[in-house]
Amino acid sequence: MPLHHAVAVAIFALLALGLLLGLLMLASYLGGRHPNHNKDIPFESGLGVSTATHPATPVRFYLLAVSFLVFELEGAFLYAWAVAFHGLPAAALWGGIGFLVILALGWLYEWAMGGLRWT
């Protein structure tokens, strides 16, 4: 990268940092801080943590959500691989097949451990 490009990037970064700090100081000055008990309690969906009507979220929900995210990310990798498939060397085919095998083994392991069962 030529020096004048690096200088331009550095100037832009300094301007962005200055704008960020200026806005934070302006917000702190204009907004102030007025602490009270109600502002300091945890809040979720309008219900406090200590209320009797707040149901506990089952751990299975989080496990299933994380599994969904992992498999969706792998789907994004496979999509990119499929789009560029014709321009890739033969080793990429074996790399993709290996990736699919690892993905299938992970899915089978999760299925066997009951990670996909909701009840």
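Here is a short report on the structure shown in this document.

Procedures and definitions
Residues numbered from 1 in each chain as written. Predicted model: local features only at pLDDT ≥ 70, side-chain atom pairs only at ≥ 80, totals over all residues. Heavy atoms only, no water. Helix = DSSP H or I, 4+ residues; strand = E, 2+ residues; numbered from the N terminus. Contact = heavy atoms within 4.5 Å. Areas by Shrake-Rupley, 256 points an atom, 1.4 Å probe, with all protein chains shown as cover. Axes fitted to C-alpha atoms, helices over the stretch in contact; angles between N-to-C directions. Parallel < 35°, antiparallel > 145°, perpendicular 65-115°, else oblique. Left-handed = near helix turned anticlockwise from the far one by under 90°. Nonpolar A, V, L, I, M, F, W, Y, C, P; charged D, E, K, R; others polar. Phe/Tyr/Trp six-rings, centres within 6.5 Å; stacked < 30°, edge-to-face > 60°.

### Brief notes about the overall build of the chain
Link 1 in the chain: Broken down by element type, the chain carries four helices and zero strands.
Link 2 in the chain: Counting from the amino terminus, the chain carries its helices and strands in the arrangement α-α-α-α.
Link 3 in the chain: Of the contacts formed within the chain by residues at least 6 apart in sequence, a portion of 50% connects residues at least 24 apart.
Link 4 in the chain: For the chain, the accessible area works out to roughly 10300 Å², and carbon and sulfur atoms hold 75% of it.

### Some remarks on the packing of helix α3 (residues 59-83) against helix α4 (residues 90-112)
Link 1 in the chain: It is at 12 Å that the axes of α3 and α4 come closest, and there the two elements cross at 165°. Put simply, α3 runs roughly antiparallel to α4. In this structure, α3 crosses over α4, and the sense of that crossing is left-handed. Facing α3, whose interface residues are Ser67, Phe71, Glu74, Phe77, Leu78 and Trp81, α4 presents Ala92, Leu93, Gly96, Phe99, Leu100, Leu103, Gly106, Trp107 and Glu110.
Link 2 in the chain: Classifying every residue of the contact of α3 with α4 by side-chain character gives 10 nonpolar, three polar and two charged.

### Digging into the packing of aromatic side chains
Link 1 in the chain: What the rule picks out here adds up to four aromatic pairs.
Link 2 in the chain: Taking the centre distance of 6.4 Å and the plane angle of 85° together, the rings of Phe77 and Phe99 count as edge-to-face. Here Phe77 is found in helix α3, whereas its partner Phe99 is found in helix α4, with 22 residues between them in sequence.

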